[in-house]
Structures are given as structure tokens and as C-alpha cells.
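# Residue-level structure breakdown
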Amino acid sequence: MEYITEEALDLTGLLSGSHHPAAGAVVLFSGDVRDNNVGRRVSHIDYESYVPLASKMMRQILEDAKARWNLTIAVAQHRIGKVQVLESAVVVITASAHRSEAYASNRYIIDRIKHEVPIWKCEYFEDGTSIWGGNCNCHAETGDPNKHIYESENG
Amino acid sequence: MKIEVFAALKNHFSKEFEVNEHLETVADLRQHLSDINPSSSHLINMCRFVVAEDLVNDAHPLDADDHVIVLPPSSGG
């Protein structure tokens, strides 16, 4: 499976392939494009990525999560290109014996993807303007470009 | 060396361009990019650098034939 894709994400297909006899819990997170941001009407979002490194990092993040929470399934895929309102830009699926591990690991994976993986969004607004946005500014508080705030939250 | 930038950096630089000055390290390149385009300085200071598909730190030595990727802070999801 490609970690970065220009195709629409197949949430139901990915979910149906994520059940496992040893897993009593399956969590699916979908990051959808919404129609507004900071009071402005959003038309769509265009995502860009440095794919070779992004793919490598997503594979490593999933391996880290599987080892840390003993997951039976860990899947993530991020879309690039033009993504419309209501469409999914990123999906993370985790499966484990119990729900606490499935929830915690899912949050861990999406946080790391958003902060670390070289993927960027450009928001296009209905008034015709656009902006590269949502940058991770954790370094302003941590003092280290490679140290993110959520890392302390996740232990 | 060849420089390739992404996302908001394209508001400041061409997507790909050449740097012909002798720069010994990533730190030198970071400073050089800020010098040639001061309006990018704040963003450049937050960027990560990639050589041969791996992240490198500021002390990483550069060669004239390197292809350096400059990554602004991520904003996926």
C-alpha cells in the first residue's frame, strides 16, 4: 500500500481489511477537509509532499506504534493534490486487543504524521485567496526543530 | 549544488535553483539562503534539510554536486 497517494482514500476498503481475529478494537481516524478555517470559507486544500522521505517516515511511525502498543494492525495513508471539502485527506487505522491501545496509538500516529512527515497543505478560500498554513511551530516552545510538544503529552 | 524547495518556500524561491558559492555545511547553506532572500529568513530558520533522502543536521558537510531538499515545517493532516 502506498503511504502517499493522489487517489481518493478508500476508507471503507481500508477498514474492511483491518479486522483481525486477535483484535477486539479497531479505530479509524479520518482527517477531512472542512468548509471553514478561522472564520473563512474554504474551497479546497491542495496537499504537497516530499514523497520519498514522507513514505519512509510514515512506515517508521507505524512500526514504532505497532511495537509500542503491540498492535495487530496499523495503517496510514495521506492524500496529496487537490482535496475537496468532505473528502478525507488522511486516514489512520489501528487495531489491538483492547480499545485503550487502539485509541492511544491512533492519536500517536496522526500527531507524528502532522508534525513530522514532510507534507504541506495550501488552503484555498472561496474569496480566491490561498495560504500555506497550519505549520508546526512546536520549535518555538521546545527550542528544537525536531522536538514536538505532543511528545511530552504522549510520554 | 542544486536546491529544491517545497510549499511556502516557493513564495520566496524558485522550485529548483543552483547555488554556486562554496558552502561547507548545511548551516552555511541556511545562512546563505537567508542572505540572498531576507524575507525568507524566519521560515528558513525553521526548515529541515535533506541530502540523499535523509534528514541532515546543520553540521552536515555539503559537496558541490549535492542535491539538497529544503523542508518547511510540516502541515499535513
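As a starting point, this report considers the structure included with it. (Residues numbered from 1 in each chain as written. Chains lettered and ligands numbered in written order. Predicted model: local features only at pLDDT ≥ 70, side-chain atom pairs only at ≥ 80, totals over all residues.)

### Comments concerning the overall build of chain B
- In terms of helices and strands, chain B carries 2 helices and 5 strands.
- Ordered by position from the N terminus, the helices and strands of chain B form the series β-β-α-α-β-β-β.
- At 11 Å, chain B has a C-alpha radius of gyration in line with the 11 Å of a compact globule built from 77 residues.
- Across the 77 residues that make up chain B, the buried fraction comes to 32%.
- Partitioning the contacts of chain B with sequence separation of at least 6, the portion at a separation of at least 24 is 59%. (Helix = DSSP H or I, 4+ residues; strand = E, 2+ residues; numbered from the N terminus. Rg over C-alpha atoms; globule rule 2.2 N^0.38 Å. Buried ≥ 20, exposed ≤ 12 C-beta atoms within 10 Å, placed from the backbone. Contact = placed C-beta atoms within 7 Å.)

### Observations concerning the interface of chain B and chain A
- Between chain B and chain A, the residue contacts involve 15 residues of the former and 27 residues of the latter.
- Of all elements in the fold, only β3 (48-51) and β5 (67-71) of chain B reach the threshold of two or more residues within the side of chain B that touches chain A.
- Here the side of chain B that touches chain A is composed, by residue class, of 9 nonpolar, 4 polar and 2 charged. (Nonpolar A, V, L, I, M, F, W, Y, C, P; charged D, E, K, R; others polar.)

### Things to note about the sheet that holds strand β7 (residues 88-96) of chain A
All names here are of chain A.
- Overall, mixed pairing links the 4 strands, which are arranged β1-β5-β7-β2 in an open sheet. Two strands close off the open sheet at either side, each with one partner strand: β1 (4-5) and β2 (25-32).
- Packed onto the sheet, helix α3 (residues 99-116) meets β2, β5 (73-79) and β7 and runs at close to 145° relative to β7. (Pairing = 2+ DSSP bridges. Axes fitted to C-alpha atoms, helices over the stretch in contact; angles between N-to-C directions.)

### Things to note about the packing of helix α2 (residues 51-69) of chain A against α3(A)
Residues and elements named next belong to chain A.
- Where α2 meets α3, the closest approach of the two axes is 10 Å, and the angle between their N-to-C directions is 155°. Judged by the angle between their axes, α2 and α3 are roughly antiparallel. As for how α2 packs across α3, the hand of that crossing is right-handed. Contacts between α2 and α3 involve M57, M58, I61, L62, A65 and W69 on the former and, on the latter, E101, A104, S105, Y108, I109, R112, I113 and E116.
- Per-class residue counts for the contact of α2 with α3 are 10 nonpolar, 1 polar and 3 charged. (Parallel < 35°, antiparallel > 145°, perpendicular 65-115°, else oblique. Left-handed = near helix turned anticlockwise from the far one by under 90°.)

### With respect to the nonpolar core
- Residues A54(A), M58(A), A65(A), A76(A), I109(A), I113(A) and V70(B) are the most contacted members of the largest nonpolar core, which totals 52 residues.
- Examining the composition of this core, we find that 7 residues originate from one element, α2(A), more than from any other.
- Discounting chain neighbours no more than four positions away, the residues touching I113(A) are M58(A), I61(A), A76(A), H78(A), V90(A), G76(B) and G77(B). (Core = buried A, V, L, I, M, F, W, Y, C linked by C-beta atoms within 7 Å.)

### Overview of the environment of V75(A)
All names here are of chain A.
- Positionally, V75 belongs in strand β5.
- When the 19 C-beta atoms within 10 Å are taken as the criterion, V75 is described as partly exposed.
- In this structure the C-alpha to C-alpha distance between V75 and V91, which are 16 residues apart in sequence, comes to 7.9 Å.
- Apart from residues no more than four positions distant in its own chain, V75 is found in contact with L14, S18 and I93.

### Some thoughts on unusual backbone geometry
- Even without being glycine, N70(A) reaches a positive phi, approximately 55°.
- You can see N70(A) is positioned in the loop between α2 and β5.
- In the Ramachandran plot, A52(B) falls in the positive-phi region, its phi being about 55° despite a non-glycine side chain.
- On the neighbour-count criterion, A52(B) (10 C-beta atoms within 10 Å) is exposed.

### Looking at the environment of V70(B)
All names here are of chain B.
- Along the chain, the position of V70 falls in strand β5.
- By C-beta crowding, V70 is classed as buried, having 23 other C-beta atoms within 10 Å.
- In sequence terms V70 and D58 are 12 residues apart; their C-alpha atoms lie 12 Å from each other.
- In this view, V70 contacts I3, V5, L9, C47 and F49; residues no more than four positions away in its chain are not counted.

### Some remarks on the pairing of β3(B)
Residue and element names in this part refer to chain B.
- With 4 bridges joining them, β3 and β5 adopt antiparallel strand pairing. Across the sheet, residue R48 finds its bridge partner in β5, namely L71.
- As judged from the 3 bridges shared by β3 and strand β4 (residues 54-56), these two strands associate in the antiparallel manner. Bridging across to β4, V51 finds its partner in D54.

### Brief notes about the sheet that holds strand β1 (residues 2-5) of chain B
Residues and elements named next belong to chain B.
- Here 5 strands make up an open sheet; going across it, the order is β2-β1-β5-β3-β4 and the pairing mixed. Among the strands making up the open sheet, the edge pair consists of β2 (16-18) and β4. On average, adjacent strands in this sheet sit at an angle of 30° to one another, irrespective of strand direction.
- Two strands pair when backbone bridges link them, and β1 and β5 are joined in this way by 4 bridges, in the parallel orientation. Note on β5: the bridge partner recorded for K2 is H67.

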